[in-house]
Amino acid sequence: MITVRDSRDDDVATIAAIYGHWVRHGLASFELEPPGEGEMASRRAALLAAGYPYLVASNGDGRVVGYAYAGPYRTRPAYRFTVENSVYVAPDGQGRGVGRALMSELIRRCEAAGFRLMVAVIGDSANTASIKLHAGFRFGHAGLLPAAGWKHGRWVDSVLMTRPLGPGAAMPPG
Ligand SMILES: CC(C)(COP(=O)(O)OP(=O)(O)OC[C@H]1O[C@@H](n2cnc3c(N)ncnc32)[C@H](O)[C@@H]1OP(=O)(O)O)[C@@H](O)C(=O)NCCC(=O)NCCS
């Protein structure tokens with residue numbers, strides 16, 4: 001059974017290991033070098049201090065197999081009701097609903113916090129797992145930045161997908 005909960009300080013090592021794997025071996029993140037645990041801890045602390053959710057998913061035996069958080073899409077203040085999401089699942093935990101469980105709770109938390117738009121900036125047009133995950137939560141395609149990155153010896157697109165949160169743009173923010 002997959003359980004989603006708030007992350008704790010002692011989850012950071014596992015979070016850094018999961019992210020480090022995907023920085024090294026994937027195209028979802030445009031970072032080239034895995035950040036260390038200290039850097040991941042300060043990024044997480046900054047998001048929590050600003051009121052964004054930072055969640056982990058554990059499997060039946062309590063092992064953390066994925067994490068997700070929301071953060072500012074861009075820092076200029078008119079963007080303050082818009083969040084960008086991040087979801088990463090351990091390579092041996094993929095394809096079992098962990099991403100879906102994390103996304104569901106992340107959306108719920110962001111709606112409860114009053115945010116109105118979630119943006120996914122997906123590394124690589126061929127990232128079918130991520131594009132399908134987002135489409136399953138009614139994210140619509142919002143744009144494509146062709147060849148926006150260069151990683152692992154090739155150009156990498158950014159796929160933009162968006163999903164309204166709560167009443168979305170149907171009314172002004174509360
Ligand atoms: C993308 C990711 C978060 C998805 O999480 P997951 O736990 O593997 O996915 P789930 O099991 O919850 O499945 C979600 C959907 O994606 C589909 N999916 C999952 N893996 C897939 C794959 N390899 N190929 C095609 N579709 C896939 C599932 O069928 C499911 O679609 P459905 O709801 O229509 O059945 C995860 O694979 C991952 O961490 N990938 C590497 C990092 C990354 O790309 N992160 C996203 C950053 S934007």
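In what follows, the structure referred to is the one given above.
None of the values given here were measured: they were computed from a predicted structure.

> Teacher, can you tell me more about the site of the ligand here?
Lining the immediate environment of the ligand, one finds 19 residues, of which Val89, Gln94, Gly97, Gly99 and Arg100 sit closest. For the ligand, a nitrogen atom lies 2.8 Å from a polar atom in the backbone of valine 87. In the environment of the ligand, an oxygen atom lies 2.8 Å from a nitrogen or oxygen atom belonging to the backbone of valine 89. Burial of the ligand by the protein amounts to 75% of the accessible area it has alone, namely 910 Å². Looking at the shell around the ligand residue by residue, the class counts come to nine nonpolar, seven polar and three charged.

> Explain the packing of aromatic side chains here, please?
Two descriptors summarise a pair of aromatic rings, namely the distance from one centre to the other and the angle between the planes of the rings. Enumeration according to the criterion identifies eight aromatic pairs in this entry. Where tyrosine 19 meets tyrosine 88, the ring centres are 5.2 Å apart and the plane angle is 80°; that geometry is what we call edge-to-face. Pair noted here: tyrosine 19 is in helix H1 (residues 12-25) and tyrosine 88 is in strand E4 (residues 82-89), with a separation of 69 residues, a long-range link. Overall, the relative accessible area of 10% leaves tyrosine 88 in the buried class. Ring-pair connections join several aromatic residues into one group, and the members of that group are Tyr19, Tyr54, Tyr67, Tyr69 and Tyr88. A cation over a ring is seen here: arginine 44 above tyrosine 54, with NZ or CZ 5.9 Å from the ring centre.

> How should I be thinking about helix H4 (residues 128-136) in this particular structure?
It helps to recall that an α-helix has 3.6 residues per turn; residues three or four apart then point in one direction. Considered for burial, the residues of H4 that qualify are Ser130, Ile131, Leu133 and His134. Projection of H4 onto a plane perpendicular to its axis shows the buried side chains occupying an angular sector of 160°, all on one side. In H4, the exposed positions angled more than 90 degrees off the buried face are occupied by Ala129, Lys132 and Gly136. The inward-facing, buried residues of H4 abut E4, helix H3 (98-112), strand E5 (117-123), strand E6 (140-151) and strand E7 (154-164). Looking one or two residues past H4, arginine 138 carries a phi angle of roughly 65°, positive in sign.

> Looking at this model, I keep getting lost on the environment of proline 53. Mind explaining?
Mapped onto the elements, proline 53 comes out in the loop between helix H2 (37-49) and strand E2 (54-58). Excluding anything up to four places from it in sequence, proline 53 contacts Ala68, Tyr69, Ala70, Leu106, Arg109 and Cys110.

> Would you take a moment to explain the sheet that holds E5 for this structure?
In any sheet, the strands associate via hydrogen bonds between backbone groups, in a parallel or an antiparallel arrangement. Spatial strand order, E1-E2-E3-E4-E5-E7-E6: seven strands in an open sheet with mixed pairing. Two strands close off the open sheet at either side, each with one partner strand: strand E1 (3-6) and E6. Between one strand axis and the next, the sheet turns by 25° as a mean value, whatever way the strands run. As defined by bridge partners, E6 adjoins E7 across eight bridges and the pair is classed as antiparallel. Across the sheet, lysine 151 pairs through a bridge with arginine 154, a residue of E7. Against the sheet, H3 contacts E1, E2, strand E3 (64-72), E4, E5 and E7, and its axis sits at roughly 30° relative to E3.

> Help me out: how do you make sense of H3 in this one?
Taking 1.5 Å of rise per residue, the 15 residues of H3 would be expected to cover 21 Å, and the 21 Å separating its terminal C-alpha atoms lies within 8% of that figure. When we look at burial in H3, the residues that qualify are Val98, Gly99, Leu102, Met103, Glu105, Leu106, Ile107 and Cys110. One or two positions beyond H3, positive phi appears at glycine 114, with a value near 95°.

> Could you clarify how one ought to interpret the pattern of salt bridges in this entry?
If charged atoms from side chains of opposite charge come close, those side chains can pair. Applying the stated criterion across every chain, the model contains 11 salt bridges. Aspartate 6 is paired through a salt bridge with arginine 109; the nearest N and O atoms lie 2.9 Å apart. On the criterion of sequence distance, the pair formed by aspartate 6 in strand E1 and arginine 109 in helix H3 is long-range, its members being 103 residues apart. On the accessibility criterion, arginine 109 (24% relative accessible area) is partly exposed. A salt bridge links aspartate 92 to arginine 63; the shortest N-O distance between them is 3.5 Å. Here arginine 63 lies in the loop between E2 and E3 and aspartate 92 lies in the loop between E4 and H3, a separation of 29 residues in the sequence. Judged by relative accessible area, which is 42%, aspartate 92 ranks as partly exposed.

What counts and how
- Residues numbered from 1 in each chain as written.
- Predicted model: local features only at pLDDT ≥ 70, side-chain atom pairs only at ≥ 80, totals over all residues.
- Heavy atoms only, no water.
- Near = heavy atom within 4 Å.
- Polar contact = N/O pair within 3.5 Å; in protein donor to acceptor, adjacent residues only side chain to side chain.
- Areas by Shrake-Rupley, 256 points an atom, 1.4 Å probe, with all protein chains shown as cover.
- Nonpolar A, V, L, I, M, F, W, Y, C, P; charged D, E, K, R; others polar.
- Phe/Tyr/Trp six-rings, centres within 6.5 Å; stacked < 30°, edge-to-face > 60°.
- Helix = DSSP H or I, 4+ residues; strand = E, 2+ residues; numbered from the N terminus.
- Buried < 20%, exposed > 50% of the residue type's maximum accessible area, 1.4 Å probe, protein only.
- Lys NZ or Arg CZ within 6 Å of the ring centre and 35° of its normal.
- Arc of directions from axis to C-beta.
- Contact = heavy atoms within 4.5 Å.
- Pairing = 2+ DSSP bridges.
- Axes fitted to C-alpha atoms, helices over the stretch in contact; angles between N-to-C directions.
- Expected span 1.5 Å × (residues − 1).
- Salt bridge = Lys/Arg side-chain N within 4 Å of Asp/Glu carboxyl O.

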